[in-house]
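For reference, the chains in residue letters:
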Amino acid sequence: MKKISFIVYTFIIYPLFVFSFAQQQYDAKIDELLSKMTLDEKIGQLVQIVGVDKDEENLIREGKVGSILIGIRGAKESNRIQKIAVEETRLGIPLLFANDIIHGYNTIFPIPLAEASSWNPTLVRKACEIAAFEAASAGTHWTYAPMVDIARDPRWGRIMEGAGEDPYLGSVMAAARVKGFQGDDLKDKTKIAACAKHYVAYGGAEGGRDYNTVDISDRTLRSVYLPPFYAAVKSGAASIMSAFNDLNGIPASANYYTLTQILRNEWEWDGVVISDYNSIGELVNHRFAKDKKEAALKSFTAGVDIDMVGDTIDGNVYSPNLKNLVEEGLITEEQINKSVRNVLRMKFKLGLFENPYIDTEYFKKNVPSQKYKDSVALQLARESIVLLKNENNLLPLKKEIKSIAVIGPLADSPNDMLGSWSAAGKPEDAVTVVEGIRNLLGEKIKVNYAKGCGINDSDTSGFEEAVKIVKQSDAVVFVAGESREMIGEAASKTNLNLPGVQEKLIKKIYEVCYAAHSTNQAFSQSAIPLVVVLMNGRPLTINWISENIPAIVEAWYLGNQAGNAVAQVLFGEFNPSGKLPVTFPRSTGQIPIYYYQKSTGRPAVDDEKYTSRYIDSPSTPLYPFGFGLSYTTFNYSDIRVDKPNISANDSLYVFVDVANMGNVDGEEVVQLYVQDEFASVTLPVKELKGFQKIKLKAGEKRTVSFRITSDMLSFLNAELKKVVEPGRFYVMIGGNSADLISTSFEVIQ
Ligand code: BGC
């Protein structure tokens, strides 16, 4: 009993006490500061500027700036600017310096979509810790990450910035990233504040067109798009960014329902809401506000605390308008105080009042070794790789081969390895596939490299050279894909085929590799093995490659260690274990296609008319969500539950035996999906509710268990109330969303 009281006190009561004491401490300090601030100074805290020139330095001196989108300037420069705020303003309130640290600061990790393919939140958290350290040491307090938008449309270029299509995987990754950036205490000098973005449903843009309209039901909003934000908030995210898009008729940056009712009233969150870049000013373009003044009124009263780009020609929304709005009685000073409180609280939490400057000595002394940073970057890059196809075990390539042709516009392009948003990352620190193979095999192998063609042009003059080196080599690796500029913000596409003449060249090389082997050509003795490695930030439509090329490796943009990771996978130093966080369509016409579909009244049967299918395409995707191969195979058997039925608020265990059937060790992501057989509203055919990444030695078999809680069985009923309804539930487990074994149990009243 004593022990329990000790535990309760130590782990629950004491932390709560310390927490509320800290909160109260902040409240008192904030009140004191507020009582001294003029209205102009208060509004200044709600204004963010981009970069700093001489005029803006004066604005800082006048107390008219609260934060800066600082860019890559380094500690010295941020300390210089901070000094203006701390020493030359009336109240000495420190500035917040923000940046987009999306997948690394100096050390560039895989893009977030790739990281999600690792299904390894622990490793993702470590990467964010390193990013936070590096960014903090260079003068950043605040990152505009994680991007937690669910994205089910690969035409949308920003799909690369998030964790893909699924709300559960998205929530796990959101929590890992927030924890990685922020740790448990923002006062820690090596941590930075996170910002979950873009609130909300930005990824649901019509037709995948960036910045476009989103019109979704409240059910979809709450079941699909909000959960990762909720996970971020529950992990302590210090801030949230309101999105550019219109959401059900009300722009997300002026949406009282999402910004105040849900975020503040339902979730009881007291962080900072910042607009996206001029998203308040753009209310005029939405034709939702007649001018910037009305835009300021609408965003502010809906719940946006800070106006990003608040004092530039483009933005210019809060800074010139909030004061007038107060004076005209359209908003109250108390409302302003509330937002200022949020901003000041964040500054207190970050410890900026005690330590406004970057302590460069501290960072120098405590810097993690390059070796450690490289090892995390390499491990995450390796785990992010998804093996899409490996016919007749063509991979791994034998280390004994004497020569290899490495071809393609992405085979030796360090800049592209960094992907979109690369902060202070440098191309010269990024390893390409050509370099990676040399690093791995050195003199033992002759690497014949030819670019062959550009990423996105029609020039075929390099084909000849490529074909020539293929003929001189024992194996061929073609590195194909998109350039880093073809993904990310404002990079929506209608055509997801490989750009330019890349596929044409792949076809030519395929003919050379397998010439004169009409039957079972790919595996004839005299054929030259051909592997396609893809580098891209979105699913591409690769039907021909998928049908014809025997081995395909999805490498995304893997950051600094890209080439080393790819080489290690190609030659079997590392057994791939990544799984797709997003469905690969066969064609753009299939989009949106995702595993979390409804049954419909006429479930698709491909050769049956009057079912929910296409007449010119199979209804299945090219590669399903959760899919990814290994150099071994895993067998799932004997799925069972520990109880045949439970009551609605009870839980049960499901067990499954997973066996490594091959002769190499491997890792498998064991995925758990649930289906509620019949419900009072229509629900998806299956929903991911858990996963475990396990290592199995060659031949090893293990029982994996999951606890099924009532939360996992719940859904929003017609009144949007979270309920668990009695009836049968199917539990499905397997290595991808389309290949599962199942059992069931009943929830009884
Ligand atoms: C993007 C945000 C980003 C901001 C600041 C905007 O265009 O949508 O994601 O954080 O710019 O760079």
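Residues numbered from 1 in each chain as written. Predicted model: local features only at pLDDT ≥ 70, side-chain atom pairs only at ≥ 80, totals over all residues. Heavy atoms only, no water.

1. Comments concerning the overall build of the protein chain
Short version of the rule: Starting at the N terminus, helices and strands are each numbered in turn, a helix being any DSSP run of H or I of at least four residues and a strand any DSSP run of E of at least two. For the radius of gyration, the atom set is restricted to C-alpha positions; the globular benchmark scales as 2.2 Å times the number of residues to the power 0.38. The method behind every accessible area is Shrake-Rupley, applied with a 1.4 Å probe, and residues are considered shielded solely by the protein chains displayed.
Counting its regular elements, the protein chain contains 22 helices and 26 strands. The C-alpha radius of gyration computed for the protein chain amounts to 27 Å, which stays within 12% of the reference 27 Å derived for 749 residues, consistent with globular compactness. Of the roughly 29,600 Å² of accessible surface on the protein chain, 50% is carried by carbon and sulfur atoms.

2. Re the site of the ligand
Convention followed: Any residue with a heavy atom positioned within 4 Å of a molecule or strand is treated as near that molecule or strand. Counted as a polar contact is a pair of N or O atoms within 3.5 Å, where, for protein atoms, one must be capable of donating a hydrogen and the other of accepting one, and residues adjacent in sequence contribute only when both atoms are in side chains.
Looking at the ligand, there are 13 residues lining it, with D100, R158, K197, H198 and D276 nearest. Here an oxygen atom of the ligand and a side-chain polar atom of K197 are 2.8 Å apart. D276 is positioned such that a nitrogen or oxygen atom in its side chain is 2.6 Å from an oxygen atom of the ligand. Computed on the free molecule, the ligand has an accessible area of 310 Å², of which 92% lies beneath the protein chains in the complex.

3. Topic: helix α18 (residues 463-471)
How we decide: Each residue gets one of three labels from its accessible area relative to the maximum for its type: buried under 20%, exposed over 50%, partly exposed in between, using a 1.4 Å probe on protein chains only. The arc under discussion is defined with respect to the helix axis, by the directions toward the C-beta atoms. By definition in these notes, contact holds between two residues if any of their heavy atoms fall within 4.5 Å.
When α18 is considered as a whole, its buried residues turn out to be F463, A466, V467, I469 and V470. Buried residues along α18 cover an arc of 165 degrees about the axis, so they all sit on one side. With respect to the buried face of α18, the exposed residues turned more than 90 degrees away are E464 and K471. For α18, the secondary structure elements touched by its buried residues are β12 (403-407), β13 (446-450), β14 (475-481) and α19 (502-514).

4. Considering the sheet that holds strand β10 (residues 307-308)
Put simply, the test is: One requirement defines pairing of two strands: DSSP has to find at least two bridges between them.
Ordered by their spatial adjacency, five strands build an open sheet running β4-β3-β2-β1-β10, and the pairing between neighbours is parallel. The two strands at the open ends of the sheet, each matched to only one other strand, are β4 (142-143) and β10. Bridge count between strand β2 (residues 67-69) and strand β3 (residues 96-99): three bridges; the pairing is parallel. Looking across to β3, one finds that I68 is bridged to F97.

5. So, the environment of S384
With respect to the secondary-structure elements, S384 resides in helix α15 (residues 370-384). Note: C-alpha distance between S384 and P110 (274 residues apart in sequence) is 7.4 Å. Setting aside its immediate chain neighbours within four residues, S384 contacts P110, A114, E115, S117, S118, E554, W556 and L558. Among the polar contacts listed, one links the side chain of S384 to the backbone oxygen of A114, at a separation of 3.2 Å.

6. Topic: the packing of aromatic side chains
The criterion, for reference: Two rings belonging to Phe, Tyr or Trp (six-membered ring only in the last case) form a pair when the distance between their centres is within 6.5 Å. Interplanar angles under 30 degrees mark stacking, angles over 60 mark edge-to-face geometry, and anything in between is tilted. Working rule: Lys NZ or Arg CZ, within 6 Å of ring centre, within 35 degrees of ring normal, means a charge sits over the ring.
Applying the stated criterion to the full structure yields 24 aromatic pairs. Judged by centre distance (5.6 Å) and plane angle (55 degrees), the rings of W119 and F625 are tilted. Pair noted here: W119 is in the loop between α5 (112-117) and α6 (121-137) and F625 is in the loop between α21 (562-570) and β17 (634-641), with a separation of 506 residues, a long-range link. With respect to class, W119 is no different from F625; both count as buried. Between Y510 and W544 the ring centres are 5.4 Å apart and the planes differ by 85 degrees, which places this aromatic pair in the edge-to-face class. Note that Y510 is positioned in helix α19 and W544 in helix α20 (residues 543-548), a separation of 34 residues in sequence. Note on Y510: relative accessible area 11%, which makes it buried. With relative accessibility at 22%, the residue W544 sits in the partly exposed group. Taken together, the aromatic side chains of W119, Y168, Y595, Y596, F625, Y673 and F691 make up a single cluster linked through ring pairs. Directly above the ring of Y596 sits R152, whose terminal nitrogen or CZ lies 4.6 Å from the centroid. The ring of F288 carries K298 above its face, with NZ or CZ at 4.1 Å from the centroid.

7. Points about the side chain of E667
Using the following cut-off: Charge assignment: positive for Lys and Arg, negative for Asp and Glu; neither His nor the chain ends contribute. The term salt bridge refers to a side-chain nitrogen of Lys or Arg lying within 4 Å of a carboxyl oxygen of Asp or Glu.
The topology assignment puts E667 in strand β20 (residues 666-676). No salt bridge is formed by the buried E667. Its closest oppositely charged neighbour is K695, at 4.6 Å. Filtering out sequence-adjacent residues up to four positions away, E667 remains in contact with E383, S577, F634, K693, I694 and K695.

8. Observations regarding the side chain of S420
Mapping S420 onto the fold places it in the loop between α16 (414-417) and α17 (433-441). Once you skip the residues sitting within four places of it in the chain, S420 turns out to touch H103, I111, M160, R484, I487 and G488.

9. Section: the pattern of salt bridges
It is possible for side chains of opposite charge to pair when their charged atoms get near one another. Counted by the stated rule, this structure contains 47 salt bridges. K179 serves as the salt-bridge partner of D184, at 3.2 Å between the closest nitrogen and oxygen. Residues K643 and D650 are paired through a salt bridge, measuring 3.7 Å at the closest nitrogen-oxygen approach. D650 gets classed as partly exposed once you look at its relative accessible area, which sits at 31%. Residues joined by salt bridges that share partners form a network here, namely K54, E57, R73, E77 and R80.

10. Observations regarding the state of the cysteines
Cysteine pairs can be covalently joined through their sulfur atoms, and such a bond is termed a disulfide. Stated precisely, the cut-off is as follows: For the purposes of this analysis, a disulfide is any pair of cysteine sulfur atoms at a distance within 2.5 Å.
Within the structure shown, the criterion is met by zero disulfides. The closest cysteine sulfur to the non-disulfide-bonded C453 is located on C513, 15 Å from its own sulfur.

11. Some remarks on the nonpolar core
Rules: Residues belong to a common nonpolar core when they are buried Ala, Val, Leu, Ile, Met, Phe, Trp, Tyr or Cys residues joined through side-chain atoms within 4.5 Å. Segmentation into domains, and thus their bounds, comes from an automatic or database assignment.
Grouped together as the largest cluster of nonpolar side chains are 127 residues, with contacts concentrated most on I68, W142, Y199, L322 and I336. With ten residues, α6 is the largest single contributor of residues to this core. For this core, the two domains that each supply at least three residues are domain 1 (369-581) and domain 2 (634-748). Not counting residues within four places of it along the chain, the set of residues in contact with L322 comprises I43, L46, A296, F300, I331 and I336. In this structure, L378, A527, I545 and V582 belong to the second largest nonpolar core, which totals 95 residues.

12. Observations regarding the packing of helix α7 (residues 167-182) against helix α9 (residues 227-234)
For clarity, the threshold we go by: Axis angles are defined between N-to-C directions and span 0 to 180 degrees, where every axis is a line fitted to C-alpha atoms and, for a helix, only to the segment in contact. Roughly parallel means an angle under 35 degrees; roughly antiparallel means over 145; roughly perpendicular covers 65 to 115; every other angle is labelled oblique. Should the near helix be turned anticlockwise from the far one by less than a right angle, the crossing is termed left-handed; should it be turned clockwise, right-handed.
Interaxial distance between α7 and α9 falls to 8 Å at its minimum, and their mutual angle equals 25 degrees. With respect to each other, α7 and α9 are oriented roughly parallel. Note that α7 runs across α9; the crossing there is right-handed. Touching P167, G170, S171, A174, A175 and V178 of α7 are P227, P228, A231 and A232, all from α9.

13. Quick look at the packing of helix α11 (residues 292-302) against helix α12 (residues 318-327)
One way to put it is that α11 packs onto α12 with a least axis distance of 9 Å and a crossing angle of 75 degrees. Between α11 and α12, the crossing angle belongs to the class labelled roughly perpendicular. Counting all contacts with α11, which are made through K292, K293, A296, L297, S299 and F300, the residues of α12 involved are Y318, N321, L322, N324 and L325.

14. Quick notes on α7
Worth spelling out the cut-off: Here a helix's expected span is defined as the number of its residues, less one, multiplied by 1.5 Å.
With 16 residues, α7 should cover 22 Å at 1.5 Å per step; its first-to-last C-alpha distance of 22 Å lies within 8% of that length. The buried fraction of α7 is high, at 13 of 16 residues. Just downstream of α7 lies G183, where phi reads positive at about 60 degrees.

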